[in-house]
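Coordinate analysis (summary)
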Amino acid sequence: MNITIETPVAQDYLQVKAGFDETLFTKLSPPFPPVKLLQFDGSKTGDLVTLELNFIFFKQKWTSEITDDQTDDKEFYFIDEGTILPFFLKKWKHKHRIIKAKNGSIIRDEISYEGPFGLMTLLLYPALYLQFLYRKPIYKKIFGN
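Sequence positions are assigned chain by chain, starting from 1 and proceeding in written order. The model is predicted, so local features are restricted to residues of pLDDT at least 70 and side-chain atom pairs to those at 80 or more, both for listing and for counting; the totals for chains, interfaces and linings are taken over all residues. As a convention, hydrogens and water are excluded, and side-chain values are obtained from all of the structure's heavy atoms.

**Thoughts on the side chain of His96**
To qualify as a helix, a DSSP run of H or I must reach at least 4 residues; to qualify as a strand, a run of E must reach at least 2; elements of each kind are numbered from the N terminus. Take His96: it is sitting in strand S6 (residues 91–101). Here the side chain of His96 touches Asp80 through a polar contact of 2.6 Å, side chain to side chain. By definition, residues are in contact when any of their heavy atoms lie within 4.5 Å. In this structure, His96 is in contact with Phe20, Phe76, Tyr77, Phe78, Asp80, Arg108, Asp109 and Arg135, ignoring residues within four places of it in sequence. What qualifies as a polar contact is a pair of N or O atoms within 3.5 Å, subject to a donor-acceptor requirement within protein and to the restriction that residues adjacent in sequence count only when both atoms come from side chains.

Here it is as structure tokens:
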């Protein structure tokens, strides 16, 4: 299943790239489930990010590895792929793109995921879509409208 969400922002793509750090990452976490950041190496190939999701009665670890990153004169992107996933995910790949635009840039989240079985994949769609929709006003607040 795929989800794509775009957010236009005022800052240049290289300024936005510089702002994609641990502070931004913690601000992007939605209120539920509460997320504890255990490891944040950055957004370069080989870096790891590990989270602990708190579902009140149990906790789940999620580790993603940055498998690719590129910067050129049109965009910056990095891809994180899940290596240790919570029980409700079988596969996770998230391409974070910051694309140069006429007035500022576009932050584009391209997510592909798979649940452990078909029905779970479908049931996850609304929750995951809303989790990434939650980021739009945060991006605009930090990087300008």
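**Topic: the sheet that holds strand S3 (residues 48–54)**
In space, the seven strands of this open sheet follow the order S1-S7-S6-S5-S4-S3-S2, with antiparallel pairing throughout. Because the sheet does not close on itself, it has two edges, and the strands there are strand S1 (2–9) and strand S2 (35–40). Strand after strand, the sheet turns through a mean of 20 degrees between neighbouring axes, direction not considered. The axes used here are C-alpha line fits, helices contributing only the stretch in contact, and every angle between their N-to-C directions lies in the interval 0 to 180 degrees. Along the sheet, helix H4 (residues 135–143) makes contact with S1, S6 and strand S7 (104–114), crossing S1 at roughly 25 degrees. Here a strand pair is declared whenever DSSP counts at least two bridges between the two strands.

**Here we look at the nonpolar core**
In this text, buried Ala, Val, Leu, Ile, Met, Phe, Trp, Tyr and Cys residues form a nonpolar core when linked through side-chain atoms within 4.5 Å. The classification of residues rests on relative accessible area computed with a 1.4 Å probe and restricted to protein chains. Under 20% of the type maximum is buried, over 50% is exposed, and intermediate values are partly exposed. In this structure, Phe88, Leu89, Trp92, Tyr113 and Leu124 are the most contacted members of the largest nonpolar core, which totals 16 residues. Of all the secondary-structure elements, those providing two or more residues to this core are S1, S3, S7 and helix H3 (118–133). Considering each element in turn, this core owes the most residues, four residues, to H3.

**Remarks on H4**
Within H4, burial applies to Arg135, Ile138, Tyr139 and Phe143. For H4, the angular spread of the buried residues around the axis is 105 degrees, confining them to a single face. In H4, those exposed residues whose orientation departs by more than 90 degrees from the buried face are Pro137 and Lys141. Looking at the buried positions of H4, the neighbouring elements they touch are S1, helix H1 (13–19), helix H2 (22–27), S6, S7 and H3. Arc definition: directions from the helix axis to the C-beta atoms.

**A closer look at the layout of surface pockets**
Empty space within the largest pocket amounts to approximately 750 Å³. The set of elements that each furnish at least two residues to the lining of the largest pocket consists of H2, S2, S3, strand S4 (59–71), strand S5 (75–84), S6, H3 and H4. With five residues, H3 is the single largest residue contributor to the lining of the largest pocket. Each residue gets one of three labels, nonpolar for Ala, Val, Leu, Ile, Met, Phe, Trp, Tyr, Cys and Pro, charged for Asp, Glu, Lys and Arg, and polar for the others, Gly among them. Considering only residue class, the lining of the largest pocket consists of 24 nonpolar, seven polar and three charged. Two kinds of site are reported from a 1 Å grid over the protein atoms alone, namely cavities, where a 1.4 Å probe fits but cannot get out, and pockets, open sets with protein on both sides within 12 Å along at least five of seven lines, and residues are called lining when an atom falls within 4 Å of a point. Grid points are joined across faces, edges and corners, and a volume is the space filled by probe spheres set on the points.

**Side note on the pattern of salt bridges**
If charged atoms from side chains of opposite charge come close, those side chains can pair. The rule for a salt bridge is simple: a side-chain nitrogen of Lys or Arg has to be within 4 Å of a carboxyl oxygen of Asp or Glu. Under the defined criterion, the tally for this structure stands at eight salt bridges. The partner of Arg97 in a salt bridge is Glu110, and the shortest N-O contact between them spans 3.0 Å. Taken together, the residues Arg97 in strand S6 and Glu110 in strand S7 connect sequence positions 13 residues apart. For the pair formed by Arg97 and Glu110, the shared burial category is buried. Two residues, Arg108 and Glu110, come together in a salt bridge whose shortest N-O distance is 2.7 Å.

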